[in-house]
Amino acid sequence: MAGRDVFIENLRLACATRRSISEICRDIGLNRQQFNRYISGEARPSAHNLARIAGFFGLTAQDFDLSADAFRARMQRPDRRLADGGHLLDGLPGDISALRRHLGYFQTYHLSLSWPGLVVCSCARLQEENGSVHVKSIERIRDVDNEIRQYSKYVGLAAFWRNRIFITERSITRQPMMSQTILMPFDVHQRVYLRGTTMGVSWRKENLPYASRVIWRHIGQDPDKRQMLSRCGVLSFGARQLPATVRDFLQTPSAEVLTVPGGY
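Residues numbered from 1 in each chain as written. Predicted model: local features only at pLDDT ≥ 70, side-chain atom pairs only at ≥ 80, totals over all residues. Heavy atoms only, no water.

**Student:** Just to check I follow, could you spell out helix α3 (residues 32–40) for this structure?
**Tutor:** The periodicity of an α-helix, 3.6 residues per turn, causes residues three or four positions apart to be oriented the same way. Every buried residue belonging to α3 is among F35, Y38 and I39, and all of these are buried. Buried positions in α3, seen along its axis, are confined to an arc of 95° and lie on one side of it. Two to three positions downstream of the cap, the backbone nitrogen of Q33 sits 2.9 Å from a side-chain oxygen, assigning the N-cap of α3 to N31. The positive-phi residue at the C-terminal boundary of α3 is G41, with phi of around 90°. (Buried < 20%, exposed > 50% of the residue type's maximum accessible area, 1.4 Å probe, protein only. Helix = DSSP H or I, 4+ residues; strand = E, 2+ residues; numbered from the N terminus. Arc of directions from axis to C-beta. Polar contact = N/O pair within 3.5 Å; in protein donor to acceptor, adjacent residues only side chain to side chain.)

Printed below as a string of structure tokens:
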């Protein structure tokens, strides 16, 4: 089989492991029409786009030139030595049996440097896939006063160690950012709320790094997605939509946003 045909077949095999081509394109950040040309064989991805596609599936660009049988085997056992990150990747997902207790959808709340004194409400999902626990988050903000509409998506991985959930995410944008979150249950028997700390960068404040409290509220395995998204946005502490447990956790005097000032 010619090299071009091998690439097409392997790309189709990889795509078959995901729910839809549209979802793949959204998560990678590629144009759907252009991606269709890759699958049909009308075009070959640039080296940059091929690296992005391979990274999404946990592969290397060279893996797409393997025989179909070898490629299937690699898909079942991604190369965990990518970018010398093997030791780090070996820490994921940690205690997966403990992490499974927290799978599902969440409404998340945190204090943000971009909107001082307000609470940013977003939504997230923890989902097991191929032996890992994947994280997908959506942040949708409509700031009428400042005429701002922001829609951000994040993808990442979660690990469970010593009763703590460690989450690392990156935004799906042309200029991606990374964020880290550590969560812990309130106690052994209470799994609705996970409290912790998140660290990211400000969207409006020159991308300054900051850390703040964060709290995740579990809302089930199959909630009303439209209703969940409708709750997203910027809320005041007096907002009716803000649960009392969230308000109490984020409004304590010690829950200030910590940041690194710009300049020298």
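**Student:** Honestly, the packing of helix α2 (residues 21–28) against α3 in this entry has me stumped. Any pointers?
**Tutor:** Helix-helix packing is characterised by the crossing angle of the two axes and by the distance between the axes. It is at 10 Å that the axes of α2 and α3 come closest, and there the two elements cross at 115°. Like other packed secondary-structure pairs, α2 and α3 cross with a definite hand, here right-handed. Facing α2, whose interface residues are I21, S22, I24 and C25, α3 presents R32, F35, N36 and I39. (Axes fitted to C-alpha atoms, helices over the stretch in contact; angles between N-to-C directions. Left-handed = near helix turned anticlockwise from the far one by under 90°. Contact = heavy atoms within 4.5 Å.)

**Student:** I tried to follow the layout of surface pockets on my own but got confused; where do I start?
**Tutor:** In this approach, a probe sized like a water molecule rolls over the atoms, and the result shows the empty space that is left. Taken as a whole, the second largest pocket encloses approximately 690 Å³ of empty space. Taken together, 35 residues form the lining of the second largest pocket, with E139, Q150, S152, Y154 and V201 sitting closest to its centre. Elements represented by at least two residues in the lining of the second largest pocket include exactly β1 (104–111), β2 (119–129), β3 (132–143), β4 (148–161), β5 (164–171), β6 (178–187), β7 (190–201) and β8 (209–220). Of the residues contributing to the lining of the second largest pocket, the split by class is 16 nonpolar, 17 polar and two charged. (1 Å grid on protein atoms, 1.4 Å probe; cavity = no way out; pocket = protein on both sides within 12 Å on 5 of 7 lines; lining within 4 Å. Points joined across faces, edges and corners; volume = space filled by probe spheres on them. Nonpolar A, V, L, I, M, F, W, Y, C, P; charged D, E, K, R; others polar.)

**Student:** What exactly am I supposed to notice about helix α5 (residues 68–76) here?
**Tutor:** Every buried residue of α5 is listed here: A68, F71, R74 and M75. Buried residues of α5, viewed axially, fall in a sector of 120°; they line one side. The outward face of α5, more than 90 degrees from its buried face, is lined by the exposed residues D69 and Q76.

**Student:** Would you mind going over the pattern of salt bridges with me for this structure?
**Tutor:** Once the charged atoms of two side chains with opposite charge are near each other, the side chains can pair. The final tally for this structure, using the stated rule, is nine salt bridges. When the shortest N-O distance is used, the salt bridge between R19 and E23 registers 3.9 Å. Take R19: its relative accessible area is 62%, and that puts it in the exposed class. R74 is the salt-bridge partner of D63, the closest N and O atoms lying 2.8 Å from each other. Residue D63 is located in the loop between α4 (47–56) and α5, and its partner R74 is located in helix α5; the two are separated by eleven residues in the primary sequence. Take D63: its relative accessible area is 5%, and that puts it in the buried class. (Salt bridge = Lys/Arg side-chain N within 4 Å of Asp/Glu carboxyl O.)

The analysis is restricted to geometry; functional conclusions fall outside its scope.
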